[in-house]
Amino acid sequence: MKPLQASILLAAGLALAGCTKAPPLDRTVSAETPSALSAWRDRMGDDLTPAQWQDFDEALQEIRFKIIIDPAAPAGDALDARVRAAIAGHTVRDVLRLGFESKLARLEAEGTQLESFLRMNSQIKPGGAQSAHDLSDSLYTQISLLRKVDEEMERTGQKLDLLLQRPHVVRKPREPLP
């Protein structure tokens, strides 16, 4: 092959290699403005599966929750701006990781609070049949909620481990009473 032909083929190969899209989870999110985020979503289109889009939207919601719990959290457009600032320039994978980690932290706090309520309510001595029934209903509801929190933590942990390509260790559910 002549040097000129080889150079042209090499240049064409490099040009094609440079045009190859990164895998969808490794693409950078453009979210500097509301319109930039909207345009980025349009460009991504079908590159993410419906399940991945659902996870992405849930991750944004968890990031929003994390910002909202800050006592100095802004509202309205300022809140949206902080959410966009938290994701702008990061990959889809990073946004999902941040969202999953935020969700796990939120669920852990909810589960700890439910455990505390269960311990307190289990110490109550009802005064009559109606209060015993009401207490029993309350305990049952709290136990059910704790189970749901643990199940959601397990599902979210599985998603996070799959995203980070690490082995998943099953999380043992909490015991509701001491």
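Shown above is the structure to which this text applies.
The structure presented is a predicted model; accordingly, all values stated were derived computationally and were not measured.

(A) Focus on the packing of aromatic side chains. All told, the structure shown has three aromatic pairs when counted by the stated rule. Look at Trp40 and Trp53: their rings are 5.9 Å apart centre to centre, the planes differ by 70°, and that puts the pair in the edge-to-face class. Taken together, the residues span a long stretch of sequence, with Trp40 in helix α2 (residues 34-44) and Trp53 in helix α3 (residues 50-68) at a distance of 13 residues. For Trp53, a relative accessible area of 13% puts it in the buried group. Taking 5.4 Å as the distance between ring centres and 40° as the angle between the ring planes, the aromatic pair formed by Trp40 and Phe56 counts as tilted. One end of the pair, Trp40, is in helix α2; the other, Phe56, is in helix α3, with 16 residues separating them in the sequence. Just as Trp40 is buried, Phe56 falls in that class too.

(B) Geometry of the packing of α3 against helix α4 (residues 76-87). Packing of α3 against α4 leaves a shortest axis separation of 10 Å and a crossing angle of 120°. Comparing the axis directions of α3 and α4 gives the class oblique. Pair α3 / α4 crosses with right-handed handedness. Taken together, the residues of α4 that come into contact with α3 (itself represented by Leu60, Ile63, Arg64, Ile67 and Ile68) are Leu79, Asp80, Arg82, Val83, Ala86 and Ile87. A per-class count over the contact of α3 with α4 returns eight nonpolar, no polar and three charged.

What counts as what
Each chain has its residues counted from 1, running along the sequence as written. Note on the predicted model: pLDDT of at least 70 is required for a residue's local features to be given, and 80 or more for side-chain atom pairs to be given and counted; whole-chain, interface and lining totals, by contrast, use all residues. With hydrogens and water stripped out, all remaining heavy atoms of the structure feed into the side-chain values. By convention, a stacked pair of Phe, Tyr or Trp rings (six-membered ring in the case of Trp) has centres within 6.5 Å and planes under 30 degrees apart, an edge-to-face pair has planes over 60 apart, and any other such pair is tilted. Helix numbers and strand numbers start at the N terminus; a helix is a DSSP run of H or I with at least 4 residues, a strand a run of E with at least 2. When a residue's accessible area, from a 1.4 Å probe over protein chains only, is under 20% of the maximum for its type it is buried; when over 50% it is exposed; and in between it is partly exposed. Angles run from 0 to 180 degrees between N-to-C directions of axes, and those axes are lines fitted to C-alpha atoms, restricted for helices to the stretch in contact. Any angle that is under 35 degrees is reported as roughly parallel, and any over 145 degrees as roughly antiparallel; angles of 65 to 115 degrees are reported as roughly perpendicular and all others as oblique. By convention the crossing between two helices is left-handed if the near helix lies anticlockwise of the far one by an angle smaller than a right angle, and right-handed if it lies clockwise. Every residue pair with non-hydrogen atoms within 4.5 Å of one another is taken to be in contact. Polar here means any residue other than Ala, Val, Leu, Ile, Met, Phe, Trp, Tyr, Cys and Pro, which are nonpolar, and Asp, Glu, Lys and Arg, which are charged; Gly is therefore polar.

Note that all results are geometric; they support no functional claim without further evidence.
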